[in-house]
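Now for the letters of each chain:
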Amino acid sequence: MIWYPYAQMKHMKTPYEIVDAEGVYLYTRDKKLIDSVSSWWCMVHGYKHPALNEAIVSQTKKFAHVMLGGLTHEPVQKLSQKLQEFLPGDLDYCFFSDSGSVAVEVALKMALQYYMNRNDTRRTTTLALNHAYHGDTFKAMEVGDDEDYHFVLKAYGPSKNVVHIPTKIRALEQAFETHHETLCCFIVEPLLQCAGGMRMYDVAFLKRARELCDQYDVLLIFDEVATGFGRTGNRFAADLVLPDILVLGKALTGGYIGHAVTVANEKVYNGFYDDLPAHALMHGPTYMGNALACTVALKSIELFETQDYMAKIRRIEAISRREMSGITDSRIKDVRIMGGCVCVEVYDPEVLKGYQQFAYDRGVFCRPFLNFMYAMVPYIITEDELVQVFDSMKTWFQR
Ligand SMILES: *Cc1c(COP(=O)(O)O)cnc(C)c1O
């Protein structure tokens, strides 16, 4: 028996069974569907990509996995080297793990221990955003704004370790004025809060956050598990504002295998680098640095660089703006577009009931949630395919 995610099993409708997948298409036994959510935003090059397939197969013939405890190997060395070059600034120190949630846990642990290693035991509070989503493990739930996802607030009450603020500069400044002595870090999904409702905000907020973090010696963490690798129309939000710790996941492996990385800058790394064993980072997921994941991630980044993905994403954004301009309906609250993300927010979630099946019948797989109908398509999508996705969304409101 499979226990499916985010579902009341008693009422869950039967999931569509996928028997094959290629490019932007998912295949059921009798239907061909454009995957407009890129399998939870990770499948950026499309399914069954020849180069990614080849990379996995060739590494499988050598070895699929060896642990990083006391051992190392070429795929993980090459990937950390590649990330060091590919990522901005001195984000050079790569801690690998098997999922985005764990990589967020590692980032928060790094931030807390960074100050503990300096005997600064007051800095135990995390600043986070309203509508934040950082994964489903416990600390990630705690820094998340969990009403829609988690019971943790109900179970434990508001956490004394976390302060949540809206994406408003004034609120940010006030939070630093009030809490700066106890803050160890500020964690954000930069520019685009995905699971919290595809909420978009201005880079000026992040710039101000960087200034305040510098002023008060607080670490800035960017959770780019969803936004990284082009989704916002930037390679990384970290190209615009440099965080101290960057978390990547989802598209890191081109959607092939769960893997993530917590990348620290030199300052953070040096906070652990001394003669005391107690100052070491005590973390080590079994599958960290998995050789298949590293090999396919390397190939994925290579495609990203050599196939001019940023141009593909700019084209997706331009087509999105053209196609979605003029969509108005009294049930629609807002239409938001940023890079490779399009979101139609409705006032009442009831309005989206039945849309998944409606889209399915029009050859599009989608997964609206709460008040949000959205598309986060694979970057290799053609114009015609993209128009088909938007036609389905628009037609829903024209019925
Ligand atoms: C998906 C997501 C995570 C969690 O990643 P998993 O691999 O599902 O554990 C964390 N942060 C953000 C912003 C995400 O979108």
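It should be emphasised that the depicted structure is a prediction, and the values quoted were computed from it without experimental measurement.

Peer 1: Got a sec to walk through the overall build of the chain? Specific residues and values, please.
Peer 2: When you go through the chain residue by residue, the secondary structure sums to 13 helices and 16 strands. Taken over the C-alpha trace, the chain has a radius of gyration of 21 Å; the compact-globule value for 399 residues is 21 Å, and the two agree within 12%. The C-alpha extent of the chain, read off along each of the three principal axes, is 65 × 55 × 45 Å. Counting all 399 residues of the chain, 54% fall into the buried class. Considering only intrachain contacts with a sequence separation of at least 6, the fraction spanning at least 24 residues in the chain is 72%. Counting every atom, the chain has about 17800 Å² of accessible surface; 53% of that belongs to carbon and sulfur. Looking at charge distribution, the chain has the averaged site of its 41 positive side-chain charges lying 4 Å from that of its 49 negative ones.

Peer 1: Can you break down the pairing of strand β13 (residues 332-338) residue by residue, with the values?
Peer 2: Across six bridges, the pairing between β13 and strand β14 (residues 341-346) is antiparallel. Each bridged residue has a counterpart across the sheet, and for valine 335 the counterpart in β14 is valine 344. Once β13 ends, the chain turns through two residues before running back antiparallel as β14, passing glycine 339 with a positive phi of about 55°.

Peer 1: Tell me about the pattern of salt bridges, residues and numbers included.
Peer 2: Within this structure, the stated rule accounts for 25 salt bridges. Lysine 48 is paired through a salt bridge with aspartate 20; the nearest N and O atoms lie 2.9 Å apart. Within this pair, whereas lysine 48 is found in the loop between α1 (38-41) and α2 (50-62), its partner aspartate 20 is found in strand β1 (residues 20-22), the two being separated by 28 residues in sequence. For the salt bridge of glutamate 173 with arginine 208, the shortest nitrogen-to-oxygen distance reads 2.7 Å. In this pair, glutamate 173 sits in helix α7 (residues 169-179) while arginine 208 sits in helix α8 (residues 203-216), placing the two residues 35 residues apart along the sequence. Given a relative accessible area of 22%, arginine 208 falls into the partly exposed group. Among the charged side chains, a network of salt bridges with common partners joins Arg170, Glu173, Arg208 and Glu211.

Peer 1: Residues and numbers for the site of the ligand, please.
Peer 2: Residues in contact with the ligand, as listed here, are Trp41, Ser99, Gly100, Ser101, Tyr133, His134, Gly135, Glu189, Asp223, Val225, Ala226 and Lys250. At a separation of 3.5 Å, an oxygen atom of the ligand approaches a polar side-chain atom of serine 99. Between the ligand and aspartate 223, the relevant distance is 2.7 Å, taken from a nitrogen atom to a side-chain nitrogen or oxygen of the residue. About the coverage of the ligand: the protein hides 83% of its 380 Å² of free accessible area. Broken down by class, the residue content of the shell around the ligand amounts to four nonpolar, five polar and three charged.

Peer 1: Report on helix α10 (residues 291-306), specifying residues and quantitative values.
Peer 2: When the terminal C-alpha atoms of α10 are compared, their 22 Å separation across 16 residues agrees well with the 22 Å that a helix rising 1.5 Å per residue should span. Most of α10 is tucked away, with 12 of its 16 residues classed as buried. Considered for burial, the residues of α10 that qualify are Ala291, Leu292, Ala293, Cys294, Thr295, Val296, Ala297, Leu298, Ser300, Ile301, Leu303 and Phe304. Contacts from the buried residues of α10 go to α2, α3 (74-86) and α11 (309-324). After α10 finishes, the residue aspartate 308 shows a positive phi value of roughly 50°.

How each quantity is defined
Residues numbered from 1 in each chain as written. Predicted model: local features only at pLDDT ≥ 70, side-chain atom pairs only at ≥ 80, totals over all residues. Heavy atoms only, no water. Helix = DSSP H or I, 4+ residues; strand = E, 2+ residues; numbered from the N terminus. Rg over C-alpha atoms; globule rule 2.2 N^0.38 Å. Buried < 20%, exposed > 50% of the residue type's maximum accessible area, 1.4 Å probe, protein only. Contact = heavy atoms within 4.5 Å. Areas by Shrake-Rupley, 256 points an atom, 1.4 Å probe, with all protein chains shown as cover. Lys, Arg positive; Asp, Glu negative; His and termini not counted. Charge placed at Lys NZ, Arg CZ, Asp CG, Glu CD. Pairing = 2+ DSSP bridges. Salt bridge = Lys/Arg side-chain N within 4 Å of Asp/Glu carboxyl O. Near = heavy atom within 4 Å. Polar contact = N/O pair within 3.5 Å; in protein donor to acceptor, adjacent residues only side chain to side chain. Nonpolar A, V, L, I, M, F, W, Y, C, P; charged D, E, K, R; others polar. Expected span 1.5 Å × (residues − 1).

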